[in-house]
There are 4 protein chains.
Amino acid sequence: MSTHSECGKEGEEKTIRQRATPRQPFDPGRRTTILQAAVRVFARKGFHRTTTKDIAREAGLAEGTLYNHFQNKDALLLALLDGLNETGRREADFAAADQEELETFLPRYFQQRLDALEQGAGDALSVILAELLTNAELRDTYAHSLVAPTLEIAERAFSRWAGQGRLRPEQLELTVRAVAALFLGMVVMRLLGDETLRQRWHELPDALTQLVLHGIGKDAV
Amino acid sequence: MSTHSECGKEGEEKTIRQRATPRQPFDPGRRTTILQAAVRVFARKGFHRTTTKDIAREAGLAEGTLYNHFQNKDALLLALLDGLNETGRREADFAAADQEELETFLPRYFQQRLDALEQGAGDALSVILAELLTNAELRDTYAHSLVAPTLEIAERAFSRWAGQGRLRPEQLELTVRAVAALFLGMVVMRLLGDETLRQRWHELPDALTQLVLHGIGKDAV
Amino acid sequence: MSTHSECGKEGEEKTIRQRATPRQPFDPGRRTTILQAAVRVFARKGFHRTTTKDIAREAGLAEGTLYNHFQNKDALLLALLDGLNETGRREADFAAADQEELETFLPRYFQQRLDALEQGAGDALSVILAELLTNAELRDTYAHSLVAPTLEIAERAFSRWAGQGRLRPEQLELTVRAVAALFLGMVVMRLLGDETLRQRWHELPDALTQLVLHGIGKDAV
Amino acid sequence: MSTHSECGKEGEEKTIRQRATPRQPFDPGRRTTILQAAVRVFARKGFHRTTTKDIAREAGLAEGTLYNHFQNKDALLLALLDGLNETGRREADFAAADQEELETFLPRYFQQRLDALEQGAGDALSVILAELLTNAELRDTYAHSLVAPTLEIAERAFSRWAGQGRLRPEQLELTVRAVAALFLGMVVMRLLGDETLRQRWHELPDALTQLVLHGIGKDAV
DNA sequence: CATGAATGAGGGTTCATTCAT
DNA sequence: CATGAATGAACCCTCATTCAT
């Protein structure tokens, strides 16, 4: 290939044309790079308003490159979901819920999950939650797996109480969901921009624990 | 001038316009018809995957007719939001929260709001919530107004307790949010398809009231 | 998420995209190709009656490709205008109007500009003129720059005469415009299809020069 | 497509026509009202950017009413053209070009036509000119009739000179066009917003006459 | 593997025209 | 005749995806 193609103007650098990007050694992190870029843009603009061009730009790559690592745009969302599930499950595994008193377990657990949101996980959650609310097929497939870890951990946590007869079995089901809902609701309100929650986020573990254990009347006792 | 200007290759015969179905007589509720059709499709497919053609088909109208009643597709979402706000505010006004004991007020309030979701409001909420999570501009403008009614009602409900010194002022803020979150979280879990919640939805008012007032340990006392 | 979200009545199978004709290798002149195609169609059908599909077809490209090179349809018009301006200015620069006797300069200048119209420039001019007459915003921005080159050249051409006191300064302004108008008017009449002008176009340089220098009565003198 | 296809065009006075059903008192000016409204909006926004709704609003009527008086939007333009033609022809008829010396006839004629533009006619001209430049079919049908009156008048005006042998017959053709072009060019430059012309518009009749009769060198003689 | 121009189906929106009232 | 809501073809434009380099 000649170096004097159709540039017309001559004079400037006639350096031999080199591959725009020399062949990179296989980079297993490329996939992660893309995914992280995607989350950032999704969080800013929402999944549907984000174009693949946006993601490519954010990742510093060409648009076509995305398709070497993900089958399509949807796959990015699914990968995000997988990531969130893993995280959730890892935390759940880590917590030895049934080995511990609720009084110490609950705040630690809340703390742990809320911390995760303070870091990047909130962005992903917001995107995924929106899509789950909106996409029936995705919801049928994944909705359960999103809440499941929390439900499981809560169930284990309350199992002893239930075992001791303090909670009737049919109460357990709703109670567990109530605690998960309390947590999830806080997260959603935070995602919706509640300023008070943003400022007092660190107080939540204790506050929620108090509420769960004793209701709002505790202090009055 | 299109009938005069066709020339050369591009010119083609203007197809005679034929009305397939004669239009209906004037309907003052046309705006409502469209809005309801829109919610139904939004709920099925999500806002972004819903086309204006979908909405028109669902409403039994021509696509262009939508634009005689709404400026654009976004306006449908805003109209939805307005509707939800009115609903929320109406309920809030109705409830004489500070005139009543929490024991009776809370379950009644929960009941009222949850009932609304059992009917059509849930569809709208799901759509709007997803969009609020995803659309920063919309969120800045409307997010507060979505949660505000619940927060206000909760604040009024707890005002007496706070007035009696049972809640410190700085507790009030978080407590109120915790109750709102408990409620919101339940709704979201329901929207995400939780089967247990769907079946035992009618038990929630009492169960949530118990939790709020006494925590999970109530039965043990 | 379109592959996951199709549900209910609206869902239909995604048609597999098949490229009809493999695209051409990278062509740096693609922008020019498009622009030239656009002028041709504009000239045939007028700007507003020309669809982007028309242009694409004329250029042998897909419709979307236009938008890789021009921001929108209007940008094609502006690019046309820029081209015309450059042309006009180049000619103006070339002509050493104030170095030469009017008797030799004028016919040469007329010849030069009229030749340009015989080639492609007339199409562009016709389109742009129509739009300038019709689009106030465009007119405010560009109208002056369209006539300016001719006015400038005419001013320079008459400067010596004016300097020698043969034209009073306040005459210069109108005289210059009269000559520009004479030229412009001829062009417009030609664009409007005057058959006589088409046939005797080559006589114009001399005829106009005679008129400008001596009026219609010259021969009688 | 005939220029007279509009309903009831054949009768000059509409007083003869009497509706059998005088629900509204028959208003022969309604058509004129609409046409004038149309010109105003066309002049502001251009023909293609003007919607029938715009015209209806400007005329203070409902959109459908337009179609009781004009077959379609194009017909408004044709009616405009007819009006301009009549005007032009009336002026041409009025002027006794061949009965008068050029020195007095020319400035009076220029004056007359330029005055017309100072009033409303310029708006219509600008719209029609743009469309003629742009619409081949319309151009073929009407372009000649737009310039014809001026050409005819000029021909008659110069006929004596030609008859006296001062202009060779083949010169006459081009000379006539040159004068028409001078006039037309001035109008176009004015329409394009030339500020100088706007301010010194009243000087044109004399200035143009001088140029036509003696060329730019007259004063120097 | 990376690139990014090309693709074209499909989206939201406009608007001339119709017609029941 | 006047009205104006309804119509739907057609427009401009977007953007996920492909593939030659």
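What counts as what
Residues numbered from 1 in each chain as written. Chains lettered and ligands numbered in written order. Predicted model: local features only at pLDDT ≥ 70, side-chain atom pairs only at ≥ 80, totals over all residues. Heavy atoms only, no water. Helix = DSSP H or I, 4+ residues; strand = E, 2+ residues; numbered from the N terminus. Buried < 20%, exposed > 50% of the residue type's maximum accessible area, 1.4 Å probe, protein only. Contact = heavy atoms within 4.5 Å. Areas by Shrake-Rupley, 256 points an atom, 1.4 Å probe, with all protein chains shown as cover. Axes fitted to C-alpha atoms, helices over the stretch in contact; angles between N-to-C directions. Parallel < 35°, antiparallel > 145°, perpendicular 65-115°, else oblique. Left-handed = near helix turned anticlockwise from the far one by under 90°. Nonpolar A, V, L, I, M, F, W, Y, C, P; charged D, E, K, R; others polar. Buried area = accessible area lost by both parts, 1.4 Å probe. Salt bridge = Lys/Arg side-chain N within 4 Å of Asp/Glu carboxyl O. Polar contact = N/O pair within 3.5 Å; in protein donor to acceptor, adjacent residues only side chain to side chain. Least-squares fit on C-alpha atoms with pLDDT ≥ 70 in both. UniProt positions renumbered as here; feature names shortened; annotations may be inferred. Expected span 1.5 Å × (residues − 1). Phe/Tyr/Trp six-rings, centres within 6.5 Å; stacked < 30°, edge-to-face > 60°. Lys NZ or Arg CZ within 6 Å of the ring centre and 35° of its normal.

- Where an unreviewed UniProt entry is consulted, chain A appears under the name TetR/AcrR family transcriptional regulator, with the organism given as Deinococcus oregonensis.

Some points on the overall build of chain A
Moving on, step 1. Each helix and strand counted, chain A has nine helices and zero strands in total.
Moving on, step 2. For chain A, the succession of helices and strands along the chain, N to C, is α-α-α-α-α-α-α-α-α.
Moving on, step 3. Split into buried and exposed, the 221 residues of chain A put 50% on the buried side.
Moving on, step 4. For chain A, contacts bridging at least 24 residues in sequence account for 64% of all contacts bridging at least 6.
Moving on, step 5. If you sum the accessible surface of chain A, you get close to 11,900 Å²; carbon and sulfur atoms cover 50% of it.

Let's talk about the packing of helix 5 (residues 102–134) of chain A against helix 6 (residues 102–134) of chain B
Moving on, step 1. Viewed as axis vectors pointing N to C, helix 5 of chain A and helix 6 of chain B meet at an angle of 155°, and their least axial separation amounts to 8 Å. With respect to helix 6 of chain B, the axis of helix 5 of chain A lies roughly antiparallel. Helix 5 of chain A and helix 6 of chain B meet at a crossing whose hand is left-handed. Seen from helix 5 of chain A, the contacting residues are S126, L129, A130, L133 and T134 of chain A; seen from helix 6 of chain B, they are S126, L129, A130, L133 and T134 of chain B.
Moving on, step 2. Of the residues contributing to the contact of helix 5 of chain A with helix 6 of chain B, the split by class is six nonpolar, four polar and no charged.

Topic: the interface of chain C and chain D
Moving on, step 1. Facing 58 residues of chain C, the contacting portion of chain D comprises 58 residues.
Moving on, step 2. Carbon and sulfur atoms make up 66% of the surface buried where chain C meets chain D, a total of about 4,800 Å² over both sides.
Moving on, step 3. When the buried area of chain C at its contact with chain D is split by residue, L133, L192 and I216 of chain C rank highest and sum to 17% of it.
Moving on, step 4. Across the contact surface, chain C and chain D share six salt bridges.
Moving on, step 5. The closest approach of N and O atoms between R177 of chain D and D194 of chain C, which form a salt bridge, is 2.9 Å.
Moving on, step 6. Between chain C and chain D we count 14 residue pairs in polar contact (both at pLDDT 80 or more) in total.
Moving on, step 7. At the level of secondary structure, the elements contributing two or more residues to the side of chain C that touches chain D comprise helix 2 (30–45), helix 6 (102–134), helix 7 (136–163), helix 8 (169–191), helix 9 (195–199) and helix 10 (204–214) of chain C.
Moving on, step 8. The greatest single-element share of the side of chain C that touches chain D, amounting to 16 residues, is contributed by helix 8 of chain C.
Moving on, step 9. A class-by-class count of the residues in the side of chain C that touches chain D yields 32 nonpolar, 12 polar and 14 charged.

Section: the pattern of salt bridges
Moving on, step 1. What the rule picks out here adds up to 40 salt bridges over all chains.
Moving on, step 2. For R49 of chain A, the salt bridge identified is with E131 of chain B, shortest N-O distance 3.0 Å. Note that R49 of chain A is positioned in the loop between helix 1 (30–45) and helix 2 (52–59) and E131 of chain B in helix 6, a pairing that runs across two chains.
Moving on, step 3. The class of R49 of chain A is partly exposed, set by a relative accessible area of 32%.
Moving on, step 4. Here R57 of chain A ties to D54 of chain A by a salt bridge, and the two come within 3.5 Å at their closest N and O atoms. Remark: D54 of chain A and R57 of chain A occur in helix 2; sequence separation between them is three residues, near one turn of the helix.
Moving on, step 5. Within this structure, R40, R44 and E58 of chain A form a network of salt bridges that share partners.

Observations regarding the relation of the copies chain C and chain D
Moving on, step 1. For the match of chain C to chain D, the screw axis carries a shift of 0.0 Å, the RMSD comes to 0.1 Å, and the turn is 180°. With respect to symmetry, the two chain copies, as superposed, fit the operation of a two-fold axis.
Moving on, step 2. A shared binding surface is used by both copies, with 100% of the interface residues of chain C retained as interface residues in chain D.

A short note on the side chain of S126 of chain B
Moving on, step 1. Mapped onto the secondary structure, S126 of chain B falls in helix 6.
Moving on, step 2. Excluding residues that lie within four positions of it along the chain, S126 of chain B makes contacts with L133 of chain A together with L191 of chain B.

Things to note about the interface of chain B and chain A
Moving on, step 1. At the interface, 58 residues of chain B touch 58 residues of chain A.
Moving on, step 2. Both faces combined, the contact of chain B with chain A buries some 4,800 Å², and carbon together with sulfur accounts for 67% of it.
Moving on, step 3. On the chain B side of the interface with chain A, the three residues burying the most area are L133, L192 and I216 of chain B, jointly 17% of the side's total.
Moving on, step 4. The interface formed by chain B and chain A includes six salt bridges.
Moving on, step 5. Those elements that provide at least two residues to the side of chain B that touches chain A are helix 2 (30–45), helix 6, helix 7 (136–163), helix 8 (169–191), helix 9 (195–200) and helix 10 (204–214) of chain B.
Moving on, step 6. Top contributing element to the side of chain B that touches chain A by residue count: helix 8 of chain B, with 16 residues.
Moving on, step 7. Class assignment for the residues of the side of chain B that touches chain A results in 32 nonpolar, 12 polar and 14 charged.

Comments concerning the UniProt feature "DNA-binding region" (unreviewed entry) in chain A
Moving on, step 1. With numbering matched to this structure, UniProt assigns "DNA-binding region" (unreviewed entry) to residues 51–70 of chain A.
Moving on, step 2. Span residues 51–70 of chain A is 75% helix and 0% strand, its end C-alpha atoms 14 Å apart.

Here's the deal with the relation of the copies chain B and chain A
One copy of the chain maps onto the other through a rotation about an axis plus a displacement along that axis.
Moving on, step 1. Rotating chain B by 180° and translating it 0.0 Å along the rotation axis places it on chain A, where the RMSD comes to 0.1 Å.
Moving on, step 2. Of the interface residues in chain B, 100% have counterparts in chain A that sit at the interface too, so the contact is made through matching surfaces.

A closer look at helix 1 (residues 29–45) of chain D
Moving on, step 1. For helix 1 of chain D, with 17 residues, the first-to-last C-alpha span of 24 Å sits near the 24 Å given by 1.5 Å per residue.
Moving on, step 2. Of the residues flanking the end of helix 1 of chain D, it is G46 of chain D, one or two places downstream, whose phi is positive at about 85°.

Here we look at the packing of aromatic side chains
Geometrically, a pair of aromatic rings is defined through the distance of the ring centres and the angle of the planes.
Moving on, step 1. Taken as a whole and assessed by the stated rule, the structure comprises 15 aromatic pairs over all chains.
Moving on, step 2. Pairing F110 of chain A with F183 of chain A gives two aromatic rings, centres 6.2 Å apart and planes at 15°, and the pair type is stacked. On the criterion of sequence distance, the pair formed by F110 of chain A in helix 5 and F183 of chain A in helix 7 (residues 169–191) is long-range, its members being 73 residues apart.
Moving on, step 3. A relative accessible area of 2% means that F110 of chain A is categorised as buried.
Moving on, step 4. The class for F183 of chain A is buried, based on a relative accessible area of 10%.
Moving on, step 5. Positioned above the aromatic ring of F47 of chain C, the side-chain terminus of K73 of chain C is 4.5 Å from the ring centre.

A short note on helix 9 (residues 204–214) of chain D
Moving on, step 1. Listed in full, the buried residues belonging to helix 9 of chain D are L204, P205, L208, T209, L211, V212 and L213 of chain D.
Moving on, step 2. On the buried face of helix 9 of chain D, the contacting elements are helix 8 and helix 10 of chain C together with helix 5 (102–134), helix 6 (136–163), helix 7 (169–191) and helix 8 (195–199) of chain D.
Moving on, step 3. Trailing helix 9 of chain D by a residue or two, G215 of chain D shows a phi angle of about 80°, which is positive.

Observations regarding the environment of L132 of chain A
Moving on, step 1. Relative to the assigned elements, L132 of chain A resides in helix 5.
Moving on, step 2. Along the chain, L132 of chain A and Y142 of chain A lie 10 residues apart, while their C-alpha atoms are 7.9 Å from each other.
Moving on, step 3. If we skip the residues at most four places from it in the chain, L132 of chain A touches L138, R139, Y142, A143 and L146 of chain A together with L192 of chain B.

Some thoughts on the environment of F158 of chain B
Moving on, step 1. Summarising the element assignment, F158 of chain B is placed in helix 7.
Moving on, step 2. On the basis of relative accessibility, which here comes to 1%, the residue F158 of chain B falls in the buried class.
Moving on, step 3. In this structure, the C-alpha to C-alpha distance between F158 of chain B and T175 of chain B, residues 17 residues apart in sequence, is 8.9 Å.
Moving on, step 4. When neighbours within four sequence positions are excluded, F158 of chain B is seen to be in contact with I216 of chain A together with L102, L167, L172, T175, V176, V179 and V212 of chain B.

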